[in-house]
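Here's the letter readout for the chains.
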Amino acid sequence: DAKTTQPPSMDCAEGRAANLPCNHSTISGNEYVYWYRQIHSQGPQYIIHGLKNNETNEMASLIITEDRKSSTLILPHATLRDTAVYYCIVRGPPGAGGTSYGKLTFGQGTILTVHP
Amino acid sequence: DTGVSQDPRHKITKRGQNVTFRCDPISEHNRLYWYRQTLGQGPEFLTYFQNEAQLEKSRLLSDRFSAERPKGSFSTLEIQRTEQGDSAMYLCATSRDTAYEQYFGPGTRLTVT
């Protein structure tokens, strides 16, 4: 799986958009970009994934650059409950066999702190 | 609550003792993963089951660790002769074959004294 690089920490004011960047310059053609977050003392939570098109769901938006070498997770109106560690992960498609079997390779993520 | 449950939530044990953790997946999920997370680090993959078959094990999984998933439902992770370095959060995650997302349980926090 391709390696990702994220800033170690970011701050955001409550109610403002939080834009979390991720660099994945070695991503290969069939690899997806996934975002998970982990609120203190809980298991990670899936947020969103994408291949090359921008994606939006009820939690967030994912913007992937045209060359797919980087992406940005956008939380449009951050709340205090969005304070968490955010992980950007690159992985092959589900159902892929071989040696990966869909395991997630987490880095250290970005600690997002939303303040009042 | 994701629907994945883990038991116990916390375990304190003395060095050298054996411990066993349990994960109950979402019922229709045939893929089950175990991860370990130490303080300040992201989770690290330990092992993977497709139904009852254990198909991949990380090099992190020493011979003191064993995992099972009898009948392809719940899974257990056993650590024999625990060491202080085993202190960590042990996370279970499950998914369908064709699903993009994995659902994580709340984890079992192990402290070895």
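Now for a look at the structure at hand. Position numbers for residues count from 1 along each chain, tracking the sequence in the order it is written. To read the labels, note that chains go from A and ligands from 1, taken in the order they are written. Owing to the predicted nature of the model, reporting of local features is limited to residues with pLDDT of at least 70; listing and counting of side-chain atom pairs is limited to 80 or more, with chain, interface and lining totals taken over all residues. Water and hydrogen atoms play no part in the side-chain values, which are based on all heavy atoms of the structure.

Structural notes on the environment of Gln-45 of chain A
All names here are of chain A. The condition that has to hold: Numbered from the N terminus, helices here are DSSP runs of H or I no shorter than four residues, and strands are runs of E no shorter than two. Contacts are residue-level and defined by heavy atoms, with any inter-residue pair within 4.5 Å sufficient.
Note that Gln-45 resides in strand 4 (residues 45–50). Along the chain, Gln-45 and Tyr-87 lie 42 residues apart, while their C-alpha atoms are 9.8 Å from each other. In this view, Gln-45 contacts Trp-35, Tyr-36, Arg-37 and Met-59; residues no more than four positions away in its chain are not counted.

Here we look at the nonpolar core
Residue and element names in this part refer to chain A. Here is the rule: For the purposes of this section, nonpolar cores are sets of buried Ala, Val, Leu, Ile, Met, Phe, Trp, Tyr and Cys residues that join through side-chain atoms within 4.5 Å. Only protein chains enter the area calculation, which uses a 1.4 Å probe; residues under 20% of their type maximum are buried, those over 50% are exposed, and those in between are partly exposed.
Formed by 21 residues in total, the largest nonpolar core has its most connected members in Trp-35, Leu-73, Tyr-86 and Leu-112. Counting only elements with at least two residues in this core, the list comes to strand 2 (18–23), strand 3 (32–38), strand 4, strand 6 (61–64), strand 7 (70–75), strand 8 (84–91) and strand 9 (110–115). For this core, the element with the most residues is strand 8, which contributes four residues.

Re the packing of aromatic side chains
Put simply, the rule reads: Two rings from Phe, Tyr or Trp (for Trp, the six-membered ring) form a pair when their centres sit within 6.5 Å of each other. Planes less than 30 degrees apart are called stacked, planes more than 60 degrees apart edge-to-face, and all others tilted. Working rule: Lys NZ or Arg CZ, within 6 Å of ring centre, within 35 degrees of ring normal, means a charge sits over the ring.
Tallied over the full model, the rule gives 13 aromatic pairs over all chains. Measuring from ring centre to ring centre gives 6.3 Å for Tyr-32 of chain A and Tyr-34 of chain A, while their planes differ by 50°; the resulting arrangement is tilted. Aromatic pair Tyr-35 of chain B and Phe-45 of chain B: ring centres 6.1 Å apart, planes at 75°, arrangement edge-to-face. Placement of Tyr-35 of chain B in strand 4 (residues 31–37) and of Phe-45 of chain B in strand 5 (residues 44–50) is noted, with a sequence separation of 10 residues between them. The ring of Phe-74 of chain B carries the charged tip of Arg-22 of chain B above its face, separated from the ring centre by 3.9 Å.

Some details on the sheet that holds strand 7 of chain A
Residue and element names in this part refer to chain A. Condition: Strands qualify as paired when DSSP identifies two bridges or more between them.
Reading across from one edge, 2-7-6-5 is the order of the four strands in this open sheet, with antiparallel pairing throughout. Strands at the two margins of the open sheet, each flanked by one partner only, are strand 2 and strand 5 (55–56). Taken together, the four bridges between strand 6 and strand 7 define a ladder with antiparallel strand orientation. Across the sheet, Ser-61 pairs through a bridge with Ile-74, a residue of strand 7.

Observations regarding the pairing of strand 7 (residues 65–68) of chain B
Residue and element names in this part refer to chain B. Side chains of strand 7 alternate between two faces, with Phe-65 and Ala-67 buried and Ser-66 and Glu-68 left unburied. In this sheet, strand 8 (residues 75–79) lies alongside strand 7 in antiparallel orientation, the contact comprising four bridges. When the sheet's bridge partners are listed, Glu-68 is paired in strand 8 with Thr-76. Where strand 7 hands over to strand 8, the hairpin turn is made up of six residues, of which Lys-71 adopts a positive phi near 65°.

A closer look at the interface of chain A and chain B
This is how the line gets drawn: As a working definition, buried area equals the accessible area (1.4 Å probe) given up by two parts on being put together, with both sides summed. Any Lys or Arg side-chain nitrogen found within 4 Å of a carboxyl oxygen on Asp or Glu counts as a salt bridge. Whenever two N or O atoms come within 3.5 Å, that pair is a polar contact, provided that in protein one can donate a hydrogen and the other can accept it, and provided that, for residues adjacent in sequence, both atoms are side-chain atoms. Under the scheme applied, nonpolar residues are Ala, Val, Leu, Ile, Met, Phe, Trp, Tyr, Cys and Pro; charged residues are Asp, Glu, Lys and Arg; polar residues are all the others, including Gly.
Counting residues at the interface gives 24 residues for chain A and 23 residues for chain B. Note on chain A versus chain B: buried area summed over both sides is about 1800 Å², and carbon and sulfur give 52% of it. Viewed at the interface, chain B and chain A are joined by one salt bridge. Between Glu-56 of chain B and Lys-103 of chain A there is a salt bridge; the shortest N-O distance is 2.9 Å. For the interface between chain A and chain B, the tally reads seven residue pairs in polar contact (both at pLDDT 80 or more). Only strand 3, strand 4 and strand 8 of chain A provide two or more residues apiece to the side of chain A that touches chain B. In terms of residue class, the side of chain A that touches chain B is built from 11 nonpolar, 11 polar and two charged.

What about the sheet that holds strand 8 of chain B?
Two orientations exist for strands paired in a sheet by backbone hydrogen bonds: parallel and antiparallel. Residue and element names in this part refer to chain B. This is how the line gets drawn: Helix axes use the C-alpha atoms of the stretch in contact, all axes being lines fitted to C-alpha atoms, and the angles between their N-to-C directions lie in the range 0 to 180 degrees.
Strand order in the open sheet formed by four strands is 1-3-8-7, and the pairing between neighbours is antiparallel. Two strands in the sheet have a free side with no partner beyond their single neighbour: strand 1 (5–7) and strand 7. Direction aside, neighbouring strands of the sheet carry axes that sit 15° apart on average. When strand 1 meets strand 3 (residues 19–24), the two strands line up antiparallel, connected through three bridges. Counted as the bridge partner of Gln-6 is Cys-23 from strand 3.

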